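Residue-level structural notes
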Amino acid sequence: MGSSLYWDTMVPCRTGTGRRKSRFGLCKRPKANGVKPSTVHVACTPQAAKAISNKDQHSISYTLSRAQTVVVEYTHDSNTDMFQIGRSTESPIDYVVTDTVPGSQSNGDTQTVQSTISRFACRIMCQRSPPHNARIYAAGFDSSKNIFLGEKAAKWKTLDGQMDGLTTNGVLVMHPRHGFTEDSKPGVWREISVCGNVFTLRETRSAQQRGKMVENETQELVDGSLIDLCGATLLWRTAEGLSRTPTVKHLEALRQEINAARPQCPVGFNTLAFPSMRRKEVVDEKQPWVYLHCGHVHGYHNWGNREEREGRDRECPMCRARGPYVPLWLGCEAGFYLDAGPPTHAFSPCGHVCSEKTVAYWSQIPLPHGTHTFHAACPFCAQQLSGEQGYIRLIFQGPVD
């Protein structure tokens with residue numbers, strides 16, 4: 001078992017060690033810590049009160065009214081490992097996630113706002129034996145090993161007499177069609193319940209009325225599944241899928257190959273070069289820049305008059321097309337690539353460069369944004385895509401000597 005979760009890799013404060021980082025590997029634990037539902041109690045019985053207060057007992061409490069609460073005890077499951085994800089830094093959370101801030105917004109847009117990510121957002125249960133299936137559930141157990149669904153939370157009794165519910169802003173999952181490969185197509189966003197059932201989306205993110213149950217779909221994660229926690233979106237990669245993904249070493253070889261071709265600026269005739277991936281936030285003097293409307297690649301120059309230089313749009317000296325003019329960066333997180341193709345295309349407007357099939361796939365995915373809207377975004381920096389396609393084919397000029 002060696003699956004990985006990725007998110008928001010261009011935000012610098014998340015790429016360190018420990019639980020706050022942009023990639024989190026799930027490996028078989030030395031000792032199983034999974035749990036499964038067991039006894040159901042109706043409060044306020046002594047057994048229910050004992051289950052809630054016992055810090056060695058996992059339980060989920062469903063508050064139906066001030067006078068009635070249903071408590072479901074959970075017992076140890078020796079066949080599974082549990083991994084918990086959320087905003088809390090308390091010890092039950094294995095993977096700390098904070099809100100994604102798109103890569104190049106203004107200071108006014110990036111001020112700290114109240115997070116929409118739950119402190120104990122979700123949990124993933126992985127089978128300890130092959131094929132190591134992973135299943136996702138909304139909500140995670142807190143430091144007292146409890147999950148509480150308050151009176152206002154969406155909750156209901158199932159046909160077989162069990163309880164189920166949804167968290168405030170929900171946990172959404174999208175499974176790609178045809179796997180995470182060159183042939184991948186976006187799937188349909190669904191909502192996952194506390195018990196792992198699959199539903200169509202609610203009318204609004206926090207509506208009390210649940211969507212319709214989708215009985216022919218499961219909460220089992222597959223290679224390329226996206227998990228949205230209302231503030232951050234995570235990409236699930238399996239060990240098998242990662243074995244087919246280009247490595248960082250391969251991406252570095254592609255960088256060296258494109259630099260070895262000695263692309264030139266058509267204006268200054270100086271040789272351009274993509275900087276080392278370690279310098280992903282420092283604009284180098286040899287850095288390639290692109291006119292996003294046409295795709296012509298240049299070095300940085302002051303073509304045009306003062307008004308053009310100070311404005312957002314610039315005029316390409318090659319074709320006179322007007323549009324944004326931005327530096328190019330190689331996308332350095334290999335887990336986001338669908339194939340090992342050459343870096344021929346760039347996302348617009350951020351300028352992250354990768355293969356054609358990778359930009360085409362991500363530009364088709366409507367990622368949840370806030371509590372009401374969806375839009376496509378660059379996987380490397382989370383910035384909303386713009387333009388007709390959301391990406392541009394790069395046109396390099398080779399050396400003239």
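Residues numbered from 1 in each chain as written. Predicted model: local features only at pLDDT ≥ 70, side-chain atom pairs only at ≥ 80, totals over all residues. Heavy atoms only, no water.

The name an unreviewed UniProt entry gives the chain is Pellino, with Aldrovandia affinis as the organism.

**Looking at the packing of aromatic side chains**
Our working rule: Two aromatic rings from Phe, Tyr or Trp, using only the six-membered ring of Trp, form a pair when their centres are within 6.5 Å; if the ring planes differ by under 30 degrees the pair is stacked, by over 60 it is edge-to-face, and anything between is tilted. Counting from the N terminus, the helices are the DSSP runs of H or I reaching at least four residues and the strands are the DSSP runs of E reaching at least two. The buried label applies to any residue whose accessible area, calculated with a 1.4 Å probe on protein chains only, is under 20% of its type's maximum; exposed applies above 50%, and partly exposed to all values in between. Charge-over-ring placement is defined geometrically: NZ (Lys) or CZ (Arg) within 6 Å of the ring centre, and within 35 degrees of the ring normal.
Considering all chains together, one arrives at 14 aromatic pairs under this definition. Consider the rings of Y291 and Y325, whose centres lie 4.4 Å apart with planes at 25°: the pair is stacked. Taken together, the residues span a long stretch of sequence, with Y291 in strand β18 (residues 289-291) and Y325 in strand β21 (residues 322-327) at a distance of 34 residues. We classify Y325 as buried; its relative accessible area is 8%. Between Y300 and Y325, the aromatic rings sit 5.9 Å apart at their centres with planes inclined by 25°, giving stacked as the arrangement. Note that Y300 is positioned in the loop between β19 (297-298) and α4 (306-310) and Y325 in strand β21, a separation of 25 residues in sequence. Here the aromatic cluster, defined as three or more aromatic residues joined through ring pairs, consists of F180, F336, Y337, F347, Y361, W362 and F380. One cation-aromatic arrangement involves R210 over W156; the distance from NZ or CZ to the ring centre is 4.4 Å.

**Let's talk about empty space enclosed by the protein**
Put simply, the rule is: Residues are said to line a cavity or pocket when one of their atoms sits within 4 Å of a point; the points come from a 1 Å grid over protein atoms alone, cavities being sets where a 1.4 Å probe fits but cannot get out and pockets being open sets with protein on both sides within 12 Å along at least five of seven lines. Grid points are joined across faces, edges and corners, and a volume is the space filled by probe spheres set on the points. Note on residue categories: nonpolar means Ala, Val, Leu, Ile, Met, Phe, Trp, Tyr, Cys or Pro, charged means Asp, Glu, Lys or Arg, and polar means any other residue, Gly included.
Under the counting rule described, the total for this entry stands at 3 cavities of 30 Å³ or more. Put simply, the second largest cavity is a space of about 40 Å³. In terms of residue count, helix α3 (residues 248-260) provides more of the lining of the second largest cavity than any other element does, 3 residues in total. Among the residues making up the lining of the second largest cavity, the classes are represented as 6 nonpolar, 1 polar and 1 charged.

**Topic: the pairing of strand β6 (residues 80-86)**
Sheet faces and side chains relate simply in a regular strand, where the side chains alternate between the two faces. What counts is decided by this rule: At least two DSSP bridges between two strands are required for those strands to pair.
Along β6, 7 of the 7 residues are buried, which leaves the element largely enclosed by surrounding structure. Residues T80, M82, Q84 and G86 point to one face of β6 and D81, F83 and I85 to the other, with burial holding for every one of them. Direction of pairing for β6 relative to strand β8 (residues 122-127): antiparallel, over a ladder of 6 bridges. Pairing of I85 across the sheet is with C122, part of β8. Where β6 lies against strand β7 (residues 95-96), 2 bridges are found, and the strand directions are parallel. In the strand pairing of β7, I85 is matched with Y95.

**Quick word on the sheet that holds β18**
Taking strand neighbours across the sheet as the criterion, the 4 strands line up as β19-β18-β21-β20 in an open arrangement whose pairing is antiparallel. With one partner strand each, in any of the chains shown, β19 and β20 (313-315) form the two edges of the open sheet. Pairing between β20 and β21: 3 bridges, direction antiparallel. Counterpart to D313 in the pairing with β21 is P324.

**Points about the sheet that holds strand β10 (residues 146-149)**
We apply this condition: Convention adopted: a line fitted to C-alpha atoms gives each axis, helices being fitted over their contacting stretch, and angles between N-to-C directions are expressed from 0 to 180 degrees.
Pairing in this open sheet of 4 strands is mixed, and the strands run β3-β5-β4-β10 from one edge to the other. Strand pairing shows two members of the sheet lacking a second neighbour, β3 (34-42) and β10, which therefore form its edges. Taken over all neighbouring pairs, the strand axes of this sheet differ in orientation by 20° on average, direction set aside. Alignment of strand β4 (residues 58-65) against strand β5 (residues 68-77), held across 7 bridges, turns out to be antiparallel. Counted as the bridge partner of S61 is V71 from β5.

**A look at the nonpolar core**
Worth spelling out the cut-off: Working definition of a nonpolar core: buried Ala, Val, Leu, Ile, Met, Phe, Trp, Tyr and Cys residues. They are joined through side-chain atoms within 4.5 Å. Contacts were defined at the residue level, with two residues in contact if any of their heavy atoms lie within 4.5 Å.
Judged by nonpolar contacts, the single largest core of 43 residues is most densely connected at L226, L328, F347, W362 and L394. When neighbours within four sequence positions are excluded, L394 is seen to be in contact with V290, G295, V297, L328, P343, T344, H345, A346 and V353.

**A short note on the environment of V97**
Note that V97 resides in the loop between β7 and β8. When the C-alpha positions of V97 and G86 are compared, they lie 5.6 Å apart, and in sequence the two are 11 residues distant.

**Let's talk about the state of the cysteines**
Put plainly, a disulfide is one covalent bond tying together the sulfur atoms of two cysteines. Here is the rule we go by: By convention in this document, the label disulfide applies to cysteine sulfur atom pairs within 2.5 Å.
What the rule picks out here adds up to 0 disulfides. Free cysteine: C378, not disulfide-bonded; nearest cysteine sulfur from C350 at 3.6 Å. A relative accessible area of 2% means that C378 is categorised as buried.

**Describing the pattern of salt bridges**
For the record, the criterion: Each salt bridge in this description consists of a side-chain nitrogen of Lys or Arg and a carboxyl oxygen of Asp or Glu lying within 4 Å of one another.
Scanning the entire structure with this criterion turns up 13 salt bridges. Residue E220 is joined to R135 by a salt bridge in which the shortest nitrogen-to-oxygen separation is 3.6 Å. Here E220, found in the loop between β15 (198-199) and β16 (226-228), pairs with R135, found in strand β9 (residues 134-138); they are 85 residues apart in sequence, far enough to count as distant. Its relative accessible area of 25% is what places R135 among the partly exposed residues.

**Observations regarding unusual backbone geometry**
As a rule of thumb, non-glycine residues mostly have phi less than zero, and peptide bonds are mostly trans rather than cis. With an omega of 5°, the peptide bond running from P130 to P131 counts as cis. Tracing the backbone shows P131 in the loop between β8 and β9. That bond from S348 to P349 is cis: its omega, 20°, falls within 30 degrees of zero. When you line up the elements, P349 lands in the loop between β23 (345-347) and β24 (352-354). The backbone of H178 shows a phi angle near 65°, a positive value even though the residue is not glycine. Here H178 is to be found in the loop between β13 (171-174) and β14 (190-192). At F269, a residue that is not glycine, the phi angle is positive and equals roughly 60°. Assignment of secondary structure puts F269 in the loop between α3 and β18.

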